[in-house]
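Secondary and tertiary structure notes
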Amino acid sequence: MAAMSVIGIDFGNESCYVAVARAGGIETIANDYSLRATPSCVAFSGRNRILGVAAKNQMVTNMKNTIHGFKRLLGRKLNDPQVEEELKTLTYRTSQHNNGIGIKVNYMDEEHTFTPEQITAMLLTKLKETSEQALKTKVNDVVISVPSYFTNAERKALLDAAHISGLNVLRLMNETTATALSYGIYKQDLPGPEEEPRNVIFVDCGHSSLQVSACAFNRGKLKMLASAFDHKLGGRDFDTILAEHFCNEFETKYKIRPRTNPRAYLRLLTEVEKLKKQMSANSTNLPLNIECFMDDKDVHGDMKRADMEGLCAHLFHRVELCLKKCFEDSRLKLDDIHSVEIVGGSTRIPAIKQLIESVFKKGASTTLNQDEAVARGCALQCAMLSPAVRVREFSVGDVYPYSVSLCWDSPNKEDGVLEVFPKFHAMPFSKVLTFYRKENFDIKAYYNCNTPYPDRFIGQFTIKDVKPTSEGESAKIKVKARINLHGIVSIVGASLVEKREAEVGDEDSSMDVDSNNHNKDDQQPQENGQADQMEESEKGNEKPDKKEGKKKKQITKTIDLPIDAITHGFSQTLLNECQELECKLIANDKQERERSDARNALEEYVYDLRGKISSDDELAHFVIAGDRDKYVKQLDDMESWLYEEGEDCTRQVYVDRLSELKIFGEPIKNRRMEFESRSAALEELSHCIQLSQKVVSQYRAGDEKYNHLLPDEVTKVEEAICSAAKWLEEKRSALSSCPKTQDPPVTTVQIRSEKKNLDSTVSSVMNKPKPKVEPPQEPAGDNEKNNSQSDSHQNSKTEDHHGEQNQRKQENMEVDN
């Protein structure tokens, strides 16, 4: 069971996929609507939350309380330029909340404010429940995909969301790397470890972003070479351009302005998305029709693929630039590229496929499942990281898309700066830097390049409890910077190094390089063996330690130092509060679901029973006319109560009302059920009696099969048959005079019980096996005679054998002579 809890989640801006690692391979899980894709939507109603498919289905009628597109709000602030751009297309209300974004909704008839992290946690809770229902076991460990361009702030926000939902994230995996793993692990023809690698380009154009990556494959491993992205270019941008075109056309043609009506514009976006998909397969003129679109007007338009490509020419140019950027950064030649694999819904657009062929001189390959490749890669990675699952050995070498620098205040009043992780540096990875300080000091980490996140600040880390040496000199401090499995950069450790000399000697410690100082944290197998370290001193601030004379033996002692960090993400206190709130919401959802189920059960019972009582073909014949009218009125009253004062009652009230109806209704149903099944049961008993009588007749006729039975036993069987026949005749007589509107004098269960008893009595006697007859024993004299004959025969064979051997020896001697 533990193996089944290994899942991977492709968390998309429009929809999510969940894959699971099973014994037979990777399988994508279907949700409660039997769909593999679960929309990234969370909606709120008066009493409960609506998640996934159900939330997407009621978006048009509940726009202000249906939250979508929140992935691009994770970890950001309200004044973020990207957030301001996103909010123009979103229909829900937002505000400043906890130094971030607050999403306002009407829930439980009150206004509530949730952060994008909390909304994401709600969606992850839904995906977790879907997985647990499909796997019939608890799910805790998971690998979740993230765009390769996500920065520290966004990655931490997603980790916070997973923590709130109760998931243990083994890794945040770049979507590009998950796709590459999904491709490479099943390939049996990859080059050997010492051969030239197979270089593959992956192009992923999804709903809201474009990512291109280059990867090198060898047998048993992959290594990401480079990646490029356009985080503002996806399928929705094509939809928006087409929608704007038709808005202008409808404004001229029908004198309506769809942009002013959010519902109409949302319907238009849905229709142009369908049109875009049709144009991928057809180059002819295609129609767009929307009935009762706006102001009770039906609208009509049409477009062909060439027109769409003309309108979106600038977007295709950006796609081309992104493809070329990845090609340049990978430093590959055209002949080095084995193939170009495409994933993501928008790569189906023919113009994008043509651009791929134009840039890489190779046609787009569709080896992978374009929608599910990322989820499958995440599930594979989760299986590799989980100790409960055995997976083929496959090393995953990822890269970090940004360059990262550290800066600090120097004692000589000059700021120290070091690019500690260059662009496309391997991850996970650690580096150790050496400082000489007499007091606490700060280290700031920031991105040393342009990023989609407006603030390049990563974090500020204060190294505390720093004290000078006993001689009053600067102490040696080792600081460990790390990019972890999730792609999060931080200072993860600091230690004070004390050295004591035992013998006199010359030593120069102006530059301390220690590339073999492997830390336990760096040797964890789930990080693909990336244990490389690098230790550098702060240039210009080395502490010389030159002494003359004999060498002295040094004893090194390391003391861990505390670190105060100021970074993006929720505080632990806020995380705990959000987790408690999510638990309450889950409990409320369960309570509301049970209440709704109880109400639906009562409503269904009212409609079902009333319809059957009123129908001559159903239950009408099994209830007295006067009682039927009385009960129909009771059902009518219950229906009126349900839609008036009973609209919003507790679960127990509905259960009690249903029990009241069943007091009268269930006997009617039981009478009909008994009537329909009774004939078959009576026939079975009658047939059993006939067979039993036939067996007894065979015994009386002297059948050899039964000649071992005792007469008393057969008499007992005959009495049982007569008793059953008499019982059957009495019950048939009683049933023939009993009307359908009354409970029958005998039930089907009783008839089958009588048959079972008769079967048991007859079988125990008539099927009794005959006693075994022992074969006669031979006289003792005969046995001795046979034994002596056997011995003499054996002796004769032995003598013949010895004679043959002697004859061979004699012949051999003659030949030798």
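None of these values were measured; they are calculated from a predicted model.

Considerations on the packing of aromatic side chains
Following the criterion strictly, the structure yields 22 aromatic pairs and no others. Consider the rings of F238 and F316, whose centres lie 5.3 Å apart with planes at 40°: the pair is tilted. In this pair, F238 is assigned in helix α6 (residues 235–254) and F316 in helix α9 (residues 313–330), connecting sequence segments 78 residues apart. Both residues of the pair, F238 and F316, count as buried. Above the ring of W641, the side-chain terminus of R657 is found at 4.1 Å from the ring centroid.

Here's the deal with α6
Between its terminal C-alpha atoms α6 stretches 28 Å, which fits the 28 Å expected from 20 residues at 1.5 Å a residue. Every buried residue of α6 is accounted for by G235, R236, F238, D239, I241, L242, A243, F246, C247, F250 and Y254. Phi turns positive, to about 60°, at K255, one or two residues after α6.

Describing the sheet that holds strand β5 (residues 41–44)
Reading across the sheet, the three strands line up as β6-β5-β7 and stay open at both edges, with antiparallel pairing between neighbours. Two strands bound the open sheet, and with one partner strand each, they are β6 (49–51) and β7 (66–68). For this sheet, the mean inter-axis angle between neighbouring strands, taken without regard to orientation, is 20°. Packing against the sheet, helix α3 (residues 116–135) makes contact with β5, β6 and β7, and its axis sits at approximately 105° to β5.

Some remarks on the pairing of strand β13 (residues 198–205)
Of all eight residues that make up β13, eight are buried, and the element is covered over most of its length. Of the two faces of β13, the one carrying R198, V200, F202 and D204 and the one carrying N199, I201, V203 and C205 are both buried. Pairing of β13 with strand β14 (residues 210–218), which is carried by eight bridges, proceeds in the antiparallel orientation. Among the inter-strand pairings, V203 is bridged to a residue of β14, identified as V212. Counting the residues that bridge the hairpin from β13 to β14 gives four residues. The pairing of β13 with strand β18 (residues 337–343) spans six bridges and is classified as parallel. The partner of I201 across the bridge, within β18, is V340.

Comments concerning the pairing of strand β1 (residues 7–11)
Most of β1 is tucked away: five of the five residues are buried. Of the two faces of β1, the one carrying I7, I9 and F11 and the one carrying G8 and D10 are both buried. With three bridges joining them, β1 and strand β11 (residues 141–146) adopt parallel strand pairing. Each bridged residue has a counterpart across the sheet, and for I9 the counterpart in β11 is I144. Summarising the sheet, β1 and strand β2 (residues 15–22) pair through five bridges and their orientation is antiparallel.

Quick notes on the sheet that holds strand β9 (residues 100–107)
Strand order in the open sheet formed by three strands is β8-β9-β10, with antiparallel pairing between adjacent strands. Either end of the sheet is taken by a strand with one partner, and the two such strands are β8 (93–97) and β10 (110–114). With direction set aside, neighbouring strand axes in the sheet form an average angle of 40°. Here β8 runs beside β9; their pairing, made up of five bridges, is antiparallel. From the neighbouring strand, T94 faces β9, where its bridge partner is I103. Each of β9 and β10 touches α3; the most contacted strand, β10, lies at about 95° to it.

About the criteria used
- Residues numbered from 1 in each chain as written.
- Predicted model: local features only at pLDDT ≥ 70, side-chain atom pairs only at ≥ 80, totals over all residues.
- Heavy atoms only, no water.
- Phe/Tyr/Trp six-rings, centres within 6.5 Å; stacked < 30°, edge-to-face > 60°.
- Helix = DSSP H or I, 4+ residues; strand = E, 2+ residues; numbered from the N terminus.
- Buried < 20%, exposed > 50% of the residue type's maximum accessible area, 1.4 Å probe, protein only.
- Lys NZ or Arg CZ within 6 Å of the ring centre and 35° of its normal.
- Expected span 1.5 Å × (residues − 1).
- Pairing = 2+ DSSP bridges.
- Axes fitted to C-alpha atoms, helices over the stretch in contact; angles between N-to-C directions.
- Contact = heavy atoms within 4.5 Å.

The analysis is restricted to geometry; functional conclusions fall outside its scope.
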